[in-house]
Amino acid sequence: MNARFVLATVLCVFCIAIGQLLFKKAAAALPATLSVSALLLNGWLIASLILYGLTTLSWIWILRHAPLHLAYPFTGLAFLIVPALAWAFLGEPLHWRTLAGGLLIMAGVALASSSGSGS
C-alpha cells in the first residue's frame, strides 16, 4: 500500500474516532425521555452521522484502490485513538492498560500491513 493510501486510511480511522466522540456528546445531550424530535434536533448526532457518511465514502474509495487485507488492520488503531481523544477532549481517564493494548495493536497493524514475501 503506497503512502497516499496509508495516509487516507489513517485519516479515515481518525474520522471514525472523532465520530465516536461526537456520538458520546450526542448521547450526553439526549433528554431522559427519548423522542424522535430529540434525535432530529441533536446537533452532535447530526454531525456524527454526516462525518460517518463522508468517512464511509472515503473508505469505499480506499478499498477501490487498496486490498482489504492491507487496509482493514488500520481500523484497529481506533482502539488507541478513541481513548486518547476521549482523554484529551472529554476528560475521560486513560489507563496504562489501554496504552499498552494500543501499542500491541499498532505492532499488529505494522505487521499485517507490511509487504513481506510470505503473504
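Residues numbered from 1 in each chain as written. Predicted model: local features only at pLDDT ≥ 70, side-chain atom pairs only at ≥ 80, totals over all residues. Heavy atoms only, no water.

1. Quick look at the nonpolar core
Working step 1: Of all hydrophobic cores here, the largest spans nine residues; its members are Val13, Ala17, Leu21, Phe74, Leu77, Ala78, Ile81, Leu85 and Val109.
Working step 2: For this core, the secondary-structure elements that each account for two or more residues are helix H1 (3-29) and helix H5 (78-90).
Working step 3: Ignoring any residue separated from it by four or fewer positions in sequence, one finds Val109 in contact with Pro73, Phe74 and Leu77. (Core = buried A, V, L, I, M, F, W, Y, C linked by side-chain atoms within 4.5 Å. Buried < 20%, exposed > 50% of the residue type's maximum accessible area, 1.4 Å probe, protein only. Helix = DSSP H or I, 4+ residues; strand = E, 2+ residues; numbered from the N terminus. Contact = heavy atoms within 4.5 Å.)

2. Side note on the packing of aromatic side chains
Working step 1: Enumeration according to the criterion identifies two aromatic pairs in this entry.
Working step 2: Seen in terms of ring centroids, Phe5 and Trp61 are 5.3 Å apart; in terms of plane orientation they differ by 40°. Their pairing is tilted. Here Phe5, found in helix H1, pairs with Trp61, found in helix H3 (residues 43-65); they are 56 residues apart in sequence, far enough to count as distant.
Working step 3: On the basis of an interplanar angle of 65° and a centroid distance of 5.0 Å, the ring pair of Phe23 and Tyr52 is categorised as edge-to-face. One end of the pair, Phe23, is in helix H1; the other, Tyr52, is in helix H3, and 29 residues separate them in sequence.
Working step 4: Residue Phe23 is classed as partly exposed on the basis of its relative accessible area of 27%. (Phe/Tyr/Trp six-rings, centres within 6.5 Å; stacked < 30°, edge-to-face > 60°.)

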